[in-house]
Amino acid sequence: MTQDERVYRVVTNDEEQYSIWPADRDLPPGWVADGTEGPRAVCLDHIERVWTDMRPRSLRERMGQRG
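Residues numbered from 1 in each chain as written. Predicted model: local features only at pLDDT ≥ 70, side-chain atom pairs only at ≥ 80, totals over all residues. Heavy atoms only, no water.

(A) Up close: the side chain of N13. As for its position among the elements, N13 is in strand β1 (residues 8-13). Side-chain polar atoms of N13 contact the side chain of Q17, separated by 2.9 Å. (Helix = DSSP H or I, 4+ residues; strand = E, 2+ residues; numbered from the N terminus. Polar contact = N/O pair within 3.5 Å; in protein donor to acceptor, adjacent residues only side chain to side chain.)

What follows is the structure, encoded as structure tokens:
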């Protein structure tokens with residue numbers, strides 16, 4: 001198994017879901033960079049710290065309206 005030396009960026013979509021994407025590739029439609037770039041592990045650590053509610057934004061909003 002080879003070491004992954006690529007640089008990644010953390011990306012989010014309009015539902016506030018997170019992912020990583022190779023920094024040298026154009027972002028897929030609907031995703032924007034959040035400003036974090038680096039090795040895969042650094043990006044995944046960042047996502048683990050900031051993405052504390054895995055529910056899509058639209059679901060969180062709907063659930064908030066019920067109370």
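Moving on, there is more to tell.
(B) Representation of the nonpolar core. The biggest cluster of nonpolar side chains holds six residues, and these are Y8, V10, I20, C43, I47 and W51. Secondary-structure elements contributing two or more residues to this core are β1 and α1 (40-50). The contacts of C43, once residues within four sequence positions are left out, are Y8, R9, V10, I20, T36, E37 and G38. (Core = buried A, V, L, I, M, F, W, Y, C linked by side-chain atoms within 4.5 Å. Buried < 20%, exposed > 50% of the residue type's maximum accessible area, 1.4 Å probe, protein only. Contact = heavy atoms within 4.5 Å.)

(C) Examining unusual backbone geometry more closely. Backbone geometry at E16 places phi at a positive 60°, although glycine is not the residue there. For E16, the location among the structural elements is in the loop between β1 and β2 (18-22). Residue classification places E16 among the partly exposed positions, given a relative accessible area of 37%.

(D) Inspection of the sheet that holds β2 at higher detail. Here three strands make up an open sheet; going across it, the order is β2-β1-β3 and the pairing antiparallel. Every other strand in the sheet has two partners, leaving β2 and β3 (31-38) as the edge strands with one partner each. On average, each strand axis in the sheet is tilted by 35° relative to the strand beside it, whichever way the strands run. Direction of pairing for β1 relative to β2: antiparallel, over a ladder of five bridges. Of the residues in β2, the one forming a bridge with T12 is Y18. Across the sheet, α1 is in contact with β1, β2 and β3; its angle to β2 comes to roughly 165°. (Pairing = 2+ DSSP bridges. Axes fitted to C-alpha atoms, helices over the stretch in contact; angles between N-to-C directions.)

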